[in-house]
Amino acid sequence: MRRKLAAGNWKMNGLGADLAELDRLCAAHPAPNCEMLICPPATLIHRAATLAEGTALRIGGQDCHAATSGAHTGDLSAEMLRDAGATHVITGHSERRADHGETDAIVRAKTEAAIAAGLTAILCLGESLAERESGRTLDVIRAQLSDSLPEDFSGETLVVAYEPVWAIGTGKVASLDQIAEVHVFLRSQLLERLGADGDLIRLLYGGSVKAANAAEIFAVPEVDGALVGGASLTAADFTPIVTALDRA
Ligand SMILES: O=C[C@H](O)COP(=O)(O)O
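Cut-off values and rules
- Residues numbered from 1 in each chain as written.
- Predicted model: local features only at pLDDT ≥ 70, side-chain atom pairs only at ≥ 80, totals over all residues.
- Heavy atoms only, no water.
- Near = heavy atom within 4 Å.
- Polar contact = N/O pair within 3.5 Å; in protein donor to acceptor, adjacent residues only side chain to side chain.
- Nonpolar A, V, L, I, M, F, W, Y, C, P; charged D, E, K, R; others polar.
- Helix = DSSP H or I, 4+ residues; strand = E, 2+ residues; numbered from the N terminus.
- Expected span 1.5 Å × (residues − 1).
- Buried < 20%, exposed > 50% of the residue type's maximum accessible area, 1.4 Å probe, protein only.
- Contact = heavy atoms within 4.5 Å.

A. View of the site of the ligand. Around the ligand, a shell composed of 13 residues is seen, among which Lys11, His93, Glu163, Gly169 and Ser208 lie nearest. Within the side chain of Lys11, one N or O atom sits 2.8 Å away from an oxygen atom of the ligand. Backbone polar atom of Gly169 to an oxygen atom of the ligand: 2.6 Å apart, as the coordinates give it. Looking at the shell around the ligand residue by residue, the classes come out as four nonpolar, seven polar and two charged.

B. The arrangement of helix 5 (residues 104-116) in detail. Its 13 residues give helix 5 an end-to-end C-alpha distance of 18 Å, which sits within 8% of 18 Å, the value for a rise of 1.5 Å per residue. For helix 5, the complete set of buried residues consists of Asp104, Val107, Lys110, Thr111, Ala113, Ala114 and Ile115. Looking at the packing, one finds that the buried side of helix 5 touches helix 3 (78-84), strand 4 (88-91), helix 4 (94-99), strand 5 (120-125), helix 7 (137-148) and strand 6 (158-162). A positive phi of about 90° marks Gly118, the residue just after helix 5.

C. Quick peek at the environment of Leu227. Examined against the element boundaries, Leu227 turns out to sit in strand 8 (residues 225-228). Between the alpha carbons of Leu227 and Ala7 there is a distance of 4.8 Å; along the sequence they are 220 residues apart. For Leu227, the residues in contact, after removing those within four places along its chain, are Ala7, Asn9, Ile90, Ile122, Cys124, Ala161, Glu163, Leu204, Tyr205, Gly206 and Gly207.

Below, the structure written as structure tokens:
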């Protein structure tokens with residue numbers, strides 16, 4: 001049985017005062033059925049993790065370096081994130097692939113580093129609008145998955161998030177059929193690679209998820225939760241999404 005996951009990605013948003021949102025979130029969900037995660041900017045991870053101690057909320061990073069330490073100015077290792085209190089880290093988000101030229105090989109190395117450090121990696125993939133419009137969605141997903149998956153992983157150490165690039169922060173949500181097609185395809189690819197254990201990997205949808213569409217997305221086959229950007233910034237917006245997942 002896969003435990004559902006409501007993950008929020010604050011991206012480059014959030015100052016110390018915004019940690020009050022996490023207090024509100026913890027108060028609203030003292031014992032959710034699903035796993036509840038917020039990935040704040042790195043500057044807030046330690047304070048967020050301290051605040052979340054003893055609650056159901058988990059704290060994650062938004063990226064990590066592939067190396068454990070060294071001369072990489074401005075970067076953070078997976079071990080550092082764990083030391084700061086993170087339990088998860090996002091790897092391969094399309095904004096990092098676009099803004100920082102992260103290739104599948106880099107994403108794979110980062111994902112391996114995350115798992116080696118004891119974090120659960122949330123590996124993101126998804127097609128661009130041009131790729132979808134030219135009918136290449138499943139080919140792109142197949143290639144991203146096989147090229148960015150680490151050598152060893154399990155349902156404990158890896159989550160896969162499908163985020164069509166054209167649906168991120170745009171208000172355009174993939175249709176339920178489009179979400180179903182890719183999630184069912186991802187599941188089949190994981191089963192092919194891992195045998196029955198492929199059924200243990202959680203699959204998230206991400207891209208303009210909000211309170212108004214969460215329940216219908218969570219009813220789609222193989223959707224085990226969501227990776228939420230904008231609607232995770234306040235407890236008022238994220239709470240109904242967590243509630244919808246608890247009810248799914
Ligand atoms: O990591 C989250 C995704 O990029 C989705 O962002 P969004 O919910 O603001 O579209």
